[in-house]
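The residues making up each chain are set out below.
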Amino acid sequence: MFLAALSLSFISKALSAIIMKSSITQIERRFDISSSTVGLIDGSFEMGNLLVIVFVSYFGAKLHRPKLIGIGCFTMGIGSILTALPHFFMGYYRYSKDTPINPSENSTSSFSTCLINQNLSLNRTSLEIVGKGWEKESGSHMWIYILLGNMLRGIGETPITPLGISYIDDFAKEGHSSFYLGNLFAVTMIGPIVGFLLVSLFSKMYVDIGYVDLSTIRITPKDSRWVGAWWLGFLVAGLISIISSIPFFFLPKNLDKPKKEKKASVSLPVQNEEKSQMAHLTKQGQNVSGTVAGFFQSLKNILTNPLYVITLFLTLLQASSHIGIITYVFKYVEQQYGQSASETSILFGFITIPTFASGMFTGGYIIKKFKFTLVGIAKFSFCSHMLSFLFHLLNFALICENKSVAGLTLTYDGNNPVASHINVPLSYCNSDCNCDQSQWEPLCGDNGITYISPCLAGCKSSSGSKKSVMFHNCSCVEVNGFQSRNNSMKLGECPKNDQCTRKFYVYIVVQIFIFFSSALGSTSNIMLVFKNVEPELKSLAMGFHSLTIRTLGGIPAPIYFGALIDRACMKWSVNNYGKQGSCRIYNSTLYGNTFFGLTTSLKLPALVLYVVLISVMKKKYQGKDIKASENERKSVNEANLEPLSSDAGVDRETHI
């Protein structure tokens, strides 16, 4: 019963992690915030984890472990539900300034077209009327609830893994715990699979489904303003987490011990027990002081171990790059290759899980088959990550060219490229139209050029309704070298060209090789952490390693990745408060070079540290043939039972 309950809790926490990572772009658009702010929200999970990890590590084994796990699952569920709550407090999502407060109304007449010789204040006044009283719109600070919910989820998840696995190890029959743990981690894979499927399904649904007439929504899932029903995923994950908590409150603190141990414990006289308690009380002060002194001495021992310190730094660099990639890869594929959030989620669901699983299995099999020494394990890890790095460099060749956008990459008449997207001057075709240049209502011309808005395209009129709106007499559109006032345009950005589509297919193949080669060396990375320290310091070494990865990798990495990605934005939305919102369109070339350049700058020093590590290990173990004995393999299993975070890159791979 405990194993079944723990399996459901593992599924729910993996499900919640996938839903959060896959919903980053949706949250950014819905709350009109930058990528760096979303990175802060994502890092709040690790903040919550760190708040209680010391308490759980020290007191967890002394208290009622099943109840603590149940409280953790319940807290995790409340955190997920809190994350979804802002959706019910906010008004309808307005994807455009021209969108009325009630999207079910026919909004065709509200399009801002070219109004020659009319005062711009007329347009702005109407927009102010639409936005009046809209205090709870996207520009508010409702995203703080997302941050708090994610932090609460991190707090709740902390006791599940260490206390659950230690409980199984304590009360399972001898030799059976590894079988139970194997089943546990295998069943956990249901979580990511279901998570990717749910995100793919909910991303197709409009955010205000059930509240508005969907036939009146004029944007599609591939539009840069589309927001899916992100909140549904968090509600589902929260309910599953709460349900998984229920059985733990009915399970005992301790299961029945084997009969021999039980009889021995019953036969102990009460007097002996009282004496032992008195002796414990008299020595308590000495034990505490000795334990504290011993802890700092042990910590000093591992931090003065050059092999451990080098391994710590190289795994931190690798973890930071992995966390940045995991956090923003969905956003990258959507922006770079024009894929919808739904397509991206289902795609990564199909390629990541089987690729990582097969890579880790193959890596473990190779290490066991060839019985590598410690130096051999380090060399194998270096080779696998070098292979991953070489495949990673191919990503630079798969970056698409910028879209042709009048007013950002081209002049407004679409004839000439511009040096910068900032303050592009108006052209003769729209200078008299009194346009609001902060508006984003993209149109696609027959010439393959995207225009920022009907007004800036010089369109004088519109016809049709909903998604089939057409704009006519667009003076800025040039077809076959001729300017015509009779050109028509349709809503939506122009699609990526065929060359970019071909690059996308190659990109998918490259990612499979990257994931597989990274997974090959993930197990050996963890082995290097604890095999280069004394056996009695193994647990402390793994614990300090996990703490460092969370603190210096899990929290800052999403923030600085997001801040650099923001620099590639060409067009920001402007909320009702006149402040910068979320990004509408990126400079594809700059985005790709920034994203992969940053990951390369983290991966390359890690490879250099591998070379240093191998050379130092050769000097230390010269002439020694240190194989992975049965005892060491047992240490591997024990070390993998340390608290893991499903939102951290290297820890995620180890967990899988």
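Residues numbered from 1 in each chain as written. Predicted model: local features only at pLDDT ≥ 70, side-chain atom pairs only at ≥ 80, totals over all residues. Heavy atoms only, no water.

Glancing now at the overall build of the chain. Check the secondary structure of the chain and you find 23 helices and 10 strands. Expressed as a percentage of its 656 residues, the buried residues of the chain come to 54%. Taking contacts inside the chain between residues at least 6 apart in sequence as the whole, the part at least 24 apart equals 79%. Roughly 28,700 Å² of accessible area belongs to the chain as shown, and the carbon and sulfur atoms make up 63% of that amount. (Helix = DSSP H or I, 4+ residues; strand = E, 2+ residues; numbered from the N terminus. Buried < 20%, exposed > 50% of the residue type's maximum accessible area, 1.4 Å probe, protein only. Contact = heavy atoms within 4.5 Å. Areas by Shrake-Rupley, 256 points an atom, 1.4 Å probe, with all protein chains shown as cover.)

Taken together, the side chains of Ile71, Ile246, Phe249 and Phe250 present a nonpolar region at the surface, about 430 Å² in accessible area. Relative to the assigned elements, Phe250 resides in the loop between α11 (230-245) and α12 (259-266). For Phe250, a relative accessible area of 69% translates into the label exposed. (Patch = residues over 30% accessible without salt bridge, like charges linked within 9 Å, V, L, I, M, F, W, Y side chains within 5 Å. Salt bridge = Lys/Arg side-chain N within 4 Å of Asp/Glu carboxyl O.)

Using the criterion set out here, one finds six disulfides in the structure. Here Cys569 connects covalently by a disulfide to Cys583, the sulfurs 2.1 Å from one another. Its S-S torsion of approximately 100° makes the covalent link between Cys569 and Cys583 right-handed. One end of the pair, Cys569, is in strand β9 (residues 569-574); the other, Cys583, is in strand β10 (residues 580-586), with 14 residues separating them in the sequence. In this structure Cys569 comes out as buried when scored by relative accessible area, which is 5%. Judged by its relative accessible area of 3%, Cys583 is buried. (Disulfide = S-S within 2.5 Å.)

UniProt records the feature "signal peptide" (unreviewed entry) for residues 1-16 in the present numbering. Helix makes up 94% of residues 1-16 and strand makes up 0%, while its end C-alpha atoms are separated by 23 Å. (UniProt positions renumbered as here; feature names shortened; annotations may be inferred.)

This part is about the pattern of salt bridges. By the definition in use, this model includes 11 salt bridges. The partner of Arg550 in a salt bridge is Glu46, with the nearest N and O atoms 3.8 Å apart. With Arg550 in helix α19 (residues 538-554) and Glu46 in helix α3 (residues 35-59), the pair connects residues that are 504 residues apart, well separated along the chain. Pair check on accessibility: Arg550 and Glu46 agree, each one buried. Arg225 is the salt-bridge partner of Glu441, the closest N and O atoms lying 3.3 Å from each other. You can see Glu441 sitting in the loop between β1 (405-406) and β2 (443-444) and its partner Arg225 sitting in the loop between α10 (190-204) and α11, a full 216 residues away along the chain. Take Glu441: its relative accessible area is 0%, and that puts it in the buried class. Residue Arg225 is classed as buried on the basis of its relative accessible area of 1%.

Scanning the entire structure with this criterion turns up 30 aromatic pairs. The interplanar angle of 45° and the centroid separation of 6.4 Å between the aromatic rings of Tyr93 and Tyr206 together place this pair among those described as tilted. Of this pair, Tyr93 sits in the loop between α5 (86-89) and α6 (120-131) while Tyr206 sits in the loop between α10 and α11, and the two are 113 residues apart along the sequence. Across this residue pair, the class does not change: Tyr93 and Tyr206 are buried. Judged by centre distance (5.4 Å) and plane angle (25°), the rings of Phe356 and Phe515 are stacked. (Phe/Tyr/Trp six-rings, centres within 6.5 Å; stacked < 30°, edge-to-face > 60°.)

Next up on the list: the sheet that holds strand β8 (residues 489-491). Judged by pairing direction, the sheet is mixed, and its six strands sit side by side in the order β1-β3-β2-β8-β5-β4 without closing on themselves. Single-partner strands in this sheet number two, and they are β1 and β4 (461-463). Here three bridges tie β4 to strand β5 (residues 470-472), and the two strands are oriented antiparallel to one another. By the bridge assignment, Ser463 is partnered in β5 with Met470. (Pairing = 2+ DSSP bridges.)

Below, the discussion takes up the nonpolar core. Tyr332, Tyr337, Phe348, Tyr507 and Phe595 are the most contacted members of the largest nonpolar core, which totals 38 residues. Only α15 (306-337), α16 (341-370), α18 (498-531), α20 (556-566), β9, β10 and α21 (588-620) provide two or more residues apiece to this core. The element that contributes the greatest number of residues to this core is α18, accounting for eight residues. Discounting chain neighbours no more than four positions away, the residues touching Tyr337 are Tyr332, Leu398, Cys400, Lys496, Cys500, Lys503, Phe504 and Tyr507. (Core = buried A, V, L, I, M, F, W, Y, C linked by side-chain atoms within 4.5 Å.)

So, on to the environment of Thr548. Within the secondary structure, Thr548 is located in helix α19. Counting along the chain gives 235 residues from Thr548 to Phe313, while the straight-line C-alpha distance between them is 9.3 Å. When sequence neighbours within four positions are dropped, the list of residues in contact with Thr548 reads Leu312, Leu316 and Gly553.

Attention now goes to the side chain of Thr75. Considering the arrangement of structural elements, one finds Thr75 in helix α4 (residues 65-84). Aside from chain neighbours lying at most four places away, what touches Thr75 is Leu152 and Gly156.

For the rest of this paragraph, the subject is the side chain of Ser244. Within the secondary structure layout, Ser244 lies in helix α11. Separated by 2.6 Å, the side chain of Ser244 and the backbone oxygen of Ser241 make a polar contact. Those residues in contact with Ser244 that lie beyond four places of it in its chain are Ala5, Leu8, Ser9, Ser12 and Cys73. (Polar contact = N/O pair within 3.5 Å; in protein donor to acceptor, adjacent residues only side chain to side chain.)

Okay, α16 next. Each full turn of the α-helix corresponds to 3.6 residues, which orients residues three or four apart in the same direction. For α16, which comprises 30 residues, the first-to-last C-alpha distance of 43 Å matches the rise-based estimate of 44 Å (1.5 Å per residue) to within 8%. One or two positions beyond α16, positive phi appears at Lys371, with a value near 50°. (Expected span 1.5 Å × (residues − 1).)

Time to look at unusual backbone geometry. Of note, Asp32 is a non-glycine position whose phi angle comes to about 55°, a positive value. Tracing the backbone through its elements, the reader meets Asp32 in the loop between α2 (24-30) and α3.

To continue, consider the pairing of β10. Where burial is concerned, most of β10 is hidden: six out of the seven residues are buried. Of the pairings in the sheet, the one linking β9 to β10 comprises four bridges and is antiparallel in character. Looking at β10, one finds that Cys569 is bridged to Tyr586.

This part takes up the confidence of the model for the chain. The predicted model of the chain has a mean per-residue pLDDT of 79, with 80% of residues at 70 or higher. Contacts of residues 119-139 to residues separated by more than four positions or lying in other chains number 39 contacts, the stretch itself having pLDDT below 50. The low-confidence segment residues 258-288, where pLDDT is below 50, has two contacts with residues more than four positions distant or belonging to other chains. (pLDDT = per-residue confidence, 0-100.)

Right, let's talk about the packing of α15 against α19 for a bit. Following both chains from N to C, one finds α15 and α19 inclined at 40°, their axes separated by 9 Å at the closest point. One way to sum up the angle between α15 and α19 is to call them oblique. Crossing of α15 against α19: the hand is right-handed. From α15, Tyr308, Leu312, Thr315, Leu316, Ala319, Ser320 and Ile323 reach across to α19, where they touch Ala541, Phe544, His545, Thr548, Ile549, Leu552, Gly553 and Gly554. (Axes fitted to C-alpha atoms, helices over the stretch in contact; angles between N-to-C directions. Parallel < 35°, antiparallel > 145°, perpendicular 65-115°, else oblique. Left-handed = near helix turned anticlockwise from the far one by under 90°.)

Okay, the environment of Ile326 next. By secondary structure assignment, the location of Ile326 is in helix α15. A sequence separation of 308 residues divides Ile326 from Ile18, and the C-alpha atoms of the two residues are 9.8 Å apart.

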